[in-house]
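The primary structure of each chain is shown beneath.
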There are 4 protein chains.
Amino acid sequence: MSHTIRDKQKLIARVRRLKGQIEGIERALEAEKPCGEILRQLASARGAMSGLTAEVMEDHLREHVLQAETDAERRQGGEELIGAIRTYMK
Amino acid sequence: MSHTIRDKQKLIARVRRLKGQIEGIERALEAEKPCGEILRQLASARGAMSGLTAEVMEDHLREHVLQAETDAERRQGGEELIGAIRTYMK
Amino acid sequence: MSHTIRDKQKLIARVRRLKGQIEGIERALEAEKPCGEILRQLASARGAMSGLTAEVMEDHLREHVLQAETDAERRQGGEELIGAIRTYMK
Amino acid sequence: MSHTIRDKQKLIARVRRLKGQIEGIERALEAEKPCGEILRQLASARGAMSGLTAEVMEDHLREHVLQAETDAERRQGGEELIGAIRTYMK
């Protein structure tokens, strides 16, 4: 993923926040917190993961499709995105 | 979450595997791995998170609804599950 | 699905609205409407379908689990819901 | 959606099959079929709708991004797809 430095830093910050949410779920399970609370934490982490995935897809589309330097590069970037969309929607 | 010890250990093992997958995504972003690879890792982590959520819902239904000791407990457990299903499907 | 008459009418009204949305997508495809518009219609129909699914699950939990008349009926209703949750989250 | 005639016919065939599945759910609700069966039909219709959405996104990417005739058209097609991905993943 040869995205811009700025995009990269943003994505890494997001994945670290997501890791923090997962660690929160781990602690809640260990502390035997109420189920309803754990389910809310899971829903929130799932939203964070979907947002991260949308952002990686968007960055990929910008860098490897819209700003591709050759037609071949653009085609390959497009096929990778199609593969990701298909996997995601299965 | 006052589930059985065995269920609890299983859930904690699952959440730790999920954390390992998120750390793998963090490393892949830092190493600027190809986008397609990162999107595959995200899809796989998303599957793991959905599976974990389904298992928490299932355990909750078993412990706090099917095996509830009083009607009031059962009703409350049921309402919590309904809340979780609604949040998940929004 | 032996739910209450009122629940049944509500669910049938919802599924008919959903059918109307699908017919709108069919017309939009035939009229070669812009892609972006079709994708918005699809997102909206998906939301309607998720809401309908959540309501069927909720009605099922109320009628066949919380208000079950025997323990055997409750267990069976619970297993059906677990199956539905697992399928949905796969 | 000015996609190729062949793509258009394929998408219309898919949306009609989906409409048939929704009509099946309507009939099942009217006939008071078992909940478990209705939930299976809903899961199957949801899969069909996700597959249709992935195909519309894929066609859009091919026609309006990869094969765009101008940079402006490509940029616009890309932004529409980004909007759709964001809406879908919310």
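Residues numbered from 1 in each chain as written. Chains lettered and ligands numbered in written order. Predicted model: local features only at pLDDT ≥ 70, side-chain atom pairs only at ≥ 80, totals over all residues. Heavy atoms only, no water.

1. Section: the interface of chain A and chain B
Now for step 1: Of the residues lining the interface, 38 residues belong to chain A; the matching set on chain B comes to 38 residues.
Now for step 2: Carbon and sulfur atoms supply 71% of the area buried between chain A and chain B, which totals about 3,600 Å² over both sides.
Now for step 3: Where chain A touches chain B, the interface holds 8 salt bridges.
Now for step 4: Here chain A is connected to chain B by 12 residue pairs in polar contact (both at pLDDT 80 or more).
Now for step 5: Within the residue set of the side of chain A that touches chain B, elements represented by two or more residues are α1 (5–30), α2 (35–66) and α3 (71–89) of chain A.
Now for step 6: Here the residues of the side of chain A that touches chain B are counted per class, giving 21 nonpolar, 7 polar and 10 charged. (Contact = heavy atoms within 4.5 Å. Buried area = accessible area lost by both parts, 1.4 Å probe. Salt bridge = Lys/Arg side-chain N within 4 Å of Asp/Glu carboxyl O. Polar contact = N/O pair within 3.5 Å; in protein donor to acceptor, adjacent residues only side chain to side chain. Helix = DSSP H or I, 4+ residues; strand = E, 2+ residues; numbered from the N terminus. Nonpolar A, V, L, I, M, F, W, Y, C, P; charged D, E, K, R; others polar.)

2. Some points on the interface of chain B and chain C
Now for step 1: Contacts between the two partners involve 19 residues from chain B and, on the opposite side, 19 residues from chain C.
Now for step 2: Of the roughly 1,800 Å² buried where chain B meets chain C, counting both sides, 74% is carbon and sulfur surface.
Now for step 3: There are 4 salt bridges connecting chain B and chain C.
Now for step 4: Ionic pairing is found between R86 of chain B and E58 of chain C, a salt bridge with its closest N-O pair at 2.7 Å.
Now for step 5: Among the residues forming the side of chain B that touches chain C, the class breakdown is 10 nonpolar, 3 polar and 6 charged.

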